[in-house]
Structure formats: structure tokens, C-alpha cells
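If you want the building blocks of each chain, they are given just below.
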There are 2 protein chains.
Amino acid sequence: MRLTTKGRYAVTAMLDLALHASDGPISLADISERQGISLSYLEQLFAKLRRNDLVRSVRGPGGGYQLNREQHAIDVAEVIDAVNESVDATGCGHSGGGHTGGCQGGNTCLTHHLWCDLSSQIHEFLSQISLADLMARQDVQAVAKRQDREQQTLIDTSLIEAKVSA
Amino acid sequence: MRLTTKGRYAVTAMLDLALHASDGPISLADISERQGISLSYLEQLFAKLRRNDLVRSVRGPGGGYQLNREQHAIDVAEVIDAVNESVDATGCGHSGGGHTGGCQGGNTCLTHHLWCDLSSQIHEFLSQISLADLMARQDVQAVAKRQDREQQTLIDTSLIEAKVSA
DNA sequence: TAAAAACCGAGTGAATTACTTGGTTATATA
DNA sequence: TATATAACCAAGTAATTCACTCGGTTTTTA
């Protein structure tokens, strides 16, 4: 279980999808705008999310991505695991444990089991939080509301600019 | 609380110090041999550990490093924090939380509080584990015993080689 | 037919990791 | 007092990852 900004981006994007689920398919351009993540990076992340059956895509105009399961049936841990899929399995790290490398020559290192414990601890924590849980949080609601307002402002502004240039 | 191999190396090295505390100061060369970590890298890590008062050094022949506190008074979290000391404090991440960056323009991102929760969860877990706790673990005892045997074999071998070349 | 969107691959600058090289200083011991 | 040991220090470096850019193609709707 690697914990990097990559996984955070993925969870943020998935949560954005969940929050706007009622609007039909959501384009990555929308998510990019709202969450401040580059479009191409989102494309890479969603390719992995799609491969892991966490989202489904609709192509063409009006298309975008949708959650492939109910919001309470997707947990944070699997979102992070999906984008971190990197099959190395080198060293002593029996895949899944998260502790790959660090043990020399097939021998477990001193702290091997500690990291395994920690890894499962983190996994346990994150697998008990679903997208539905996140959506119910007050802080998430507040941020989401602000982001929608900001995006609307952007749209209005560009409409005005379009009229001015016409 | 960043979790990388860097922190793991540091904890492994500190645990090695704790396990051989009765032998007086331990040289980094010994730790390097036993734990398979490069000497210079250890030097860098121990410079930070020393700066954080986790170890003290003895220079000259027979010198090395010793724990600067009792084994039960040093926990895993502070060892990791010591080697990860990188004062950025950019973005929304109020230092200590661990979630730096990811929030655009001073605004907290959707999952800001989630990562703060997780970070404190991990910190909580690791701060409750002392070097003494680690030493008491059976798996650690077993690995330590094997490592000492291996090192002794190396010493014996080089002694024989020295005699042969003489 | 044009535009919107997913899909795809290659490349890139910045940061980090783990390490190497090549020193200097301090100190115990022969 | 000479020598070896070991901490201490600074610079550089290959490999990896991250987050992103660029330049496409394919599918689908209007």
C-alpha cells in the first residue's frame, strides 16, 4: 500500500465523480477544472481505474466517466491500489504486503514484519471508508459546494467573454 | 508523516543499534554489513538522527553510535520523522499533518481532511511502538540472531584469507 | 460534417532515493 | 609519535517516480 499524491489525486477525482453522479457522465475536463488536476494526468489515472472496473466510460460528446458501482461499494483503499498497480514483487515483499525491497538476498530484514503490520493497518483503515462515507462528511460537502460555485463562475465569465468577442 | 524506504532504513539501523547496545558504540560499518545498507547512506541518515538527539557519537577507533535514550523511550514515529525532516510547509498542509500540496490556491481540496485523519492514524500507530517493543518481537530476535551468525562467518572467512595471504 | 470526448503513446522537468567519491577531523592504540 | 579507525562533510550521480505536455486516433453525438 503505497501512499503518494498519486493515490490522493485518484481518490479526489473519484469523489468528484460520486458528488456529480446525478449529472450523468462526467468529463475529465470538468474534473480537471474543479480539482485542479491536469487533464492528461487524469486520463492516465482513469485508464487504470477503468482497468480495475471502478469506473465505466461513455465516448463522444456528452460522454465521460461514471462510477461502475454504488458509492458505498467503492472504498478508498481499492482506488489507491488501482492507480498504484506496479507489479514488481521483488525482494522479500510478498505482493499485497506492500513492503517490497529492503530485504537483502531473499532474507527478511529486521523490520519486515513491522512494515507488514503497518501496511495492513493502513489498508484496514482505508478499506473501511467508502465514497459514500466521504460524501457524507461536512468538510467534503462544504468544499464541493465551493468548487461548484467557482466552476459556475468560470462558465459565466467565459460566456460573457464569448459575447464580448462576438 | 511520509512513509518511504528511507524511514525503514532508519528504523532498521536504529533497531540494530538497540540490539547491539551492550557491545558499546557500534560503527556504521558494522550496521552496513549486517543490514546491507551502504555506509555513506547510513552516514547521511545518522547525521539527521544525531541532529534530532536520537543517537550520540563517539569518534576515533572503537567509536561509533549509541542510542541517546533508553530503548523504550524511542518510538518508531520519531525515527521516521527525523530522517524525513524537510521543511516545505507549502500549500494547505499545515506542517505536522503530513498532507502538503494537493490543494490549489490556498483552498483545501476535497480529501484534505481524510489525509489528515489517515496521517494521524499512522502516526498514532507508530508512536506507540518503541525500539524496546521491536526488540521483544520473536521475528526480530530470529532475524537478529541470523544476521549476527552471518557477520561472524564473514569475519572468520576474512581472517582465514588474511592467514592464507600471509 | 464538425465538435466533443475518450483513448493512446512518447517524452520531459523536477524531485527523491540510494549510493559513490573523495575528502577532513578526532582519537585510541601500537 | 605514527597509524589506523571511525565520525563527519560536501558534491555528484544513476535510477525511479511524479505530474505533466504534446500530438495524435477513435468513437459518438448533434
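Reading the values: the criteria
Residues numbered from 1 in each chain as written. Chains lettered and ligands numbered in written order. Predicted model: local features only at pLDDT ≥ 70, side-chain atom pairs only at ≥ 80, totals over all residues. Heavy atoms only, no water. Helix = DSSP H or I, 4+ residues; strand = E, 2+ residues; numbered from the N terminus. Contact = heavy atoms within 4.5 Å. Areas by Shrake-Rupley, 256 points an atom, 1.4 Å probe, with all protein chains shown as cover. Near = heavy atom within 4 Å. Polar contact = N/O pair within 3.5 Å; in protein donor to acceptor, adjacent residues only side chain to side chain. Nonpolar A, V, L, I, M, F, W, Y, C, P; charged D, E, K, R; others polar. Pairing = 2+ DSSP bridges. Least-squares fit on C-alpha atoms with pLDDT ≥ 70 in both. Buried area = accessible area lost by both parts, 1.4 Å probe. Salt bridge = Lys/Arg side-chain N within 4 Å of Asp/Glu carboxyl O. pLDDT = per-residue confidence, 0-100. Buried < 20%, exposed > 50% of the residue type's maximum accessible area, 1.4 Å probe, protein only. Core = buried A, V, L, I, M, F, W, Y, C linked by side-chain atoms within 4.5 Å.

Draft legend 1. Broad picture of the overall build of chain A. Secondary structure assignment for chain A yields seven helices and two strands. Order of helices (α) and strands (β) in chain A, N terminus to C terminus: α-α-α-β-β-α-α-α-α. Residue pairs at least 24 apart in sequence account for 62% of intrachain contacts in chain A once pairs closer than 6 positions are excluded. Surface summary for chain A: the accessible area is close to 8500 Å², and the carbon and sulfur share equals 50%.

Draft legend 2. Focus on the protein's contact with DNA strand C. Around DNA strand C sit 26 residues, and of these Ser 57 and Tyr 65 of chain A together with Thr 5, Ser 40 and Gln 44 of chain B come closest. In DNA strand C, the atoms that sit within 4 Å of the protein are 61% sugar and phosphate, with bases accounting for the remainder. In the environment of DNA strand C, a phosphate oxygen lies 2.5 Å from a nitrogen or oxygen atom belonging to the side chain of Ser 57 of chain A. Side-chain polar atom of Tyr 41 of chain B to a phosphate oxygen of DNA strand C: 2.9 Å apart, as the coordinates give it. A per-class count over the surface near DNA strand C returns eight nonpolar, 12 polar and six charged.

Draft legend 3. The arrangement of the protein's contact with DNA strand D in detail. Neighbouring residues of DNA strand D: 27 residues in total, closest Thr 5, Ser 40 and Gln 44 of chain A together with Ser 57 and Tyr 65 of chain B. Take the atoms of DNA strand D that sit within 4 Å of the protein: sugar and phosphate atoms are 62% of them. Between DNA strand D and Tyr 65 of chain B there is a distance of 2.2 Å, counted from a phosphate oxygen to a side-chain nitrogen or oxygen. Of all the secondary structure elements, the ones that give two or more residues to the surface near DNA strand D are helix H1 (5-19) and helix H3 (39-51) of chain A together with helix H3 (39-51), strand E1 (55-58) and strand E2 (64-67) of chain B. Broken down by class, the residue content of the surface near DNA strand D amounts to eight nonpolar, 13 polar and six charged.

Draft legend 4. The arrangement of the pairing of E2 of chain B in detail. By the bridge criterion, four bridges tie E1 of chain B to E2 of chain B in an arrangement that is antiparallel. Paired with Val 55 of chain B across the strands is Leu 67 of chain B, a residue of E2 of chain B.

Draft legend 5. Representation of the relation of the copies chain A and chain B. Overlay of chain A on chain B (RMSD 0.1 Å): rotation 180 degrees, translation along the axis 0.0 Å. Between the two chains, the operation in question is that of a two-fold axis.

Draft legend 6. Layout of the interface of chain A and chain B. Counting residues at the interface gives 41 residues for chain A, matched by 41 residues for chain B. Buried area between chain A and chain B, summed over both chains or domains, comes out near 3300 Å², and the portion from carbon and sulfur atoms is 65%. Here chain A is connected to chain B by two salt bridges. The salt bridge partner of Arg 137 of chain A is Asp 117 of chain B, with a shortest N-O separation of 3.3 Å. Secondary-structure elements contributing two or more residues to the side of chain A that touches chain B are H1, helix H2 (28-35), helix H4 (76-83), helix H5 (112-127) and helix H7 (138-165) of chain A.

Draft legend 7. How the structure looks around the confidence of the model for chain A. Residues and elements named next belong to chain A. Within chain A, residue pLDDT values average 83, and 80% of them lie at 70 or more. The lowest-confidence element of chain A is H7, averaging 77 in pLDDT; the highest-confidence one is strand E2 (residues 64-67), averaging 97. In the model, residues 87-101 has pLDDT below 50 throughout and makes 22 contacts with residues more than four positions away in sequence or in other chains.

Draft legend 8. Here's a closer look at the environment of Gln 147 of chain A. Within the secondary structure, Gln 147 of chain A sits in helix H7. With relative accessibility at 3%, the residue Gln 147 of chain A sits in the buried group. Once the C-alpha coordinates of Gln 147 of chain A and Leu 39 of chain A are considered, the two residues, 108 residues apart in sequence, prove to be 17 Å apart. Apart from the residues lying within four places of it in its own chain, the contact partners of Gln 147 of chain A are Arg 34 and Gln 35 of chain A together with Leu 110 of chain B.

Draft legend 9. Looking closely at the nonpolar core. Grouped together as the largest cluster of nonpolar side chains are 82 residues, with contacts concentrated most on Phe 46 of chain A together with Phe 46 of chain B. Excluding residues that lie within four positions of it along the chain, Phe 46 of chain B makes contacts with Ala 13, Leu 17, Leu 28, Ile 31, Val 55 and Tyr 65 of chain B.

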